[in-house]
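Architecture and fold: a report
Now for the letters of each chain:
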Amino acid sequence: MTTTVIRNATLLATMDAERREITDGALVIEDNQIQWVGATRELAPGVQSAAATVIDARGRVVLPGFVNTHHHFYQTLTRAVPAAQDVVLFDWLKTLYPIWAELTPDAVFVSTQLALTELLLSGCTTSSDHHYLWPNGSRLDDQFAAAATIGVRFHGARGSMSLGESQGGLPPDRVTEPEEAILRDCRRVVETFHDASRFAMRRVVLAPCSPFSVTPELMRESAALARSFGPARNVHLHTHLAETPDEDAFCLARFGYRPGDYAQELQWTGDDVWHAHCVHLNQAEIENFARTRTGVAHCPSSNMRLASGIAPVRAMRDAGVPVGLGVDGSASNDSSHLLAEVRQCLLLQRVLGNPRAMTAREALEIATLGGAAVLGRDDIGALAPGMAADVVGFAVDSLWHSGAADHDPLAALVFCHPQPVDFALVNGRLLVRDGQPLHIDLPGLVARHQKAARALLARAAVIA
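Residues numbered from 1 in each chain as written. Predicted model: local features only at pLDDT ≥ 70, side-chain atom pairs only at ≥ 80, totals over all residues. Heavy atoms only, no water.

As summarised here, the arrangement of the four strands in space is E5-E4-E1-E6, forming an open sheet in which the pairing is mixed. Strands with a single pairing partner mark the edges of an open sheet, and in this sheet they are strand E5 (33–39) and strand E6 (53–56). Looking at each pair of strands side by side, their axes are set apart by 15° on average, direction ignored. As judged from the six bridges shared by strand E4 (residues 25–30) and E5, these two strands associate in the antiparallel manner. Residue pairing for E5: Val28 is matched across the bridge by Trp36. (Pairing = 2+ DSSP bridges. Helix = DSSP H or I, 4+ residues; strand = E, 2+ residues; numbered from the N terminus. Axes fitted to C-alpha atoms, helices over the stretch in contact; angles between N-to-C directions.)

See below:
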C-alpha cells in the first residue's frame, strides 16, 4: 500500500456533504482512495514520514478534480478555422464536416492525447468525450488507447450519425453510418471497454449525435441497448439537445415536437441520460428533466462562441436538474480549460442582470459534484474518506491572485484570471507537479498534434 500526504493547503475545499473548507488542510491517500481529511495539525504522528509522496500545498487551493461532461476531442485539430469563426451552429457544422471526414485513427489518437492533457492542466481529472463520426477506419478503441497514456478518467461516448443530407439530415452522407453497424459496434465497445466498478478509469456511453443527424429509430434502439445491460452495468446515454433555435425549428418540422418533448417521447429522459447544451428548454421541459433526474452538460463558452444563447442554468438548478460543466468541442470554444469554463458559468448567469444568479462556490460545485452526478458516479467529485483520490491544487499566491487570495482564496480562483493547475493526482497517481506533466513529453505531443492538424487540412483541401 502506497501512502500520499497533501499538507499545509491554504484552503482545502472538500465539496463533502457539509461543504467543509479547511484552512491549513491536509489529505491522506492510500493507493487510489482518500482515507483521511482534516487540518494539517491533526495529522496522525508518523504518517508523513511513512508516506511515499508528500506534497506541500502552501499557497494552494486544493479541490476535488473537475469533471468535464461534454467535449469533442478531435476538434482540437480544427481550432479557429477561418470559415467557421463567425457563423451559427448549422453553418459551422457544414463548414467543418468535410474536414472531419478526413480523420484517421492516428489523428483521433493524438487529438485525444492533446485534449486530455490540456484538460488535465486545467484541473480536470475525469472527462467524457462525444465522438460521433468514424471515417477511414477510426474507432473508439483509438481513444481508449490514447486515454490510457495520459491517465485521466475517461468516459468514451460512442457517437453516431445516420441521417445524411439525402434523407433530410444535416451531415453529408459520407460521414454517416448504417444503423445496424452503429448498434453492432455500440454493443462491442460496451462489452470490450465498459467498467462499472467503483473507481473505474474507463466507461462507455452510447451517444447518437443529435436529433438532426440520426433517426428516431436509432435514438430508441440506442436507449434500449444501453438499458439492456442492466443497472449493474450502468451504461449511460448522451446527445446534443436544444442548442439553437434552428434545432427547435428542425424538430418541430420533422418530428412534431420541441427538442425537450422529443427526448421524452424517445425515452431519452432518466437518471441514465444527460444532454449537452439545453439552451432553449422551456420551463415545462426543465421541470420534466428535474422530475426524471435527466442531466445537462452546460457549455457556456461554446454557447457564446456560436451565438446559441444563454442556457437557463439558474432555473435548472432551482428546479433540481442535475447540471455539470462541459468545455465542448475545441473548434467551438476554442480551448479545453475547465477552470475557465467555471468562470464563464458564473459570469454568463449574471449577465442578464442578477449578480446573485451564480456564485463562485456554486460554479465550482457544478464542475465537481455536478459533473459526477451527471456521469452517474458517486466515487468522484468530493474530497472525503472512501472517495477516489482525484485531487488538484491551484496556486493562489501568484501575480494573478494578488489582492484577492488572503480574504477568499476559493472565490479568487474563480473570479481572477484562470490559471493552470499546480499539481494533480488521478486515482492516486501524481500526474502534474509544479505545473508540469510528469509522464508526457509535452513538446513532442504538440509537434505530433500540429503535424496531424496540417495533414488533416491538406487532405480536406485535396478532396475539396
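That was the structure; now back to the text.
Read across the open sheet, the seven strands follow the order E3-E2-E7-E16-E17-E18-E19; overall the sheet is mixed. Of all the strands in the sheet, the pair left with one neighbour each is strand E3 (21–22) and strand E19 (436–437). Bridge count for strand E17 (residues 423–426) against strand E18 (residues 429–433) is three bridges, and the pairing is antiparallel. The residue of E18 that forms the bridge with Val426 is Arg429.

This part is about helix H2 (residues 89–100). For H2, built from 12 residues, the straight-helix expectation of 16 Å at 1.5 Å per residue is met to within 8% by its first-to-last C-alpha distance of 15 Å. What H2 keeps buried is the set Leu89, Phe90, Trp92, Leu93, Leu96, Tyr97, Ile99 and Trp100. Along the axis of H2, the buried residues cluster in a sector spanning 165°; they form a single face. (Expected span 1.5 Å × (residues − 1). Buried < 20%, exposed > 50% of the residue type's maximum accessible area, 1.4 Å probe, protein only. Arc of directions from axis to C-beta.)

What follows deals with the side chain of His238. With respect to the element layout, His238 can be found in strand E12 (residues 236–241). There is a polar contact of 2.8 Å between the side chain of His238 and the backbone oxygen of Trp274. Excluding its chain neighbours within four sequence positions, the residues that come into contact with His238 are Thr69, His70, His130, Val205, Leu206, Ala207, Pro208, Trp268, Trp274, His275 and Ala276. (Polar contact = N/O pair within 3.5 Å; in protein donor to acceptor, adjacent residues only side chain to side chain. Contact = heavy atoms within 4.5 Å.)

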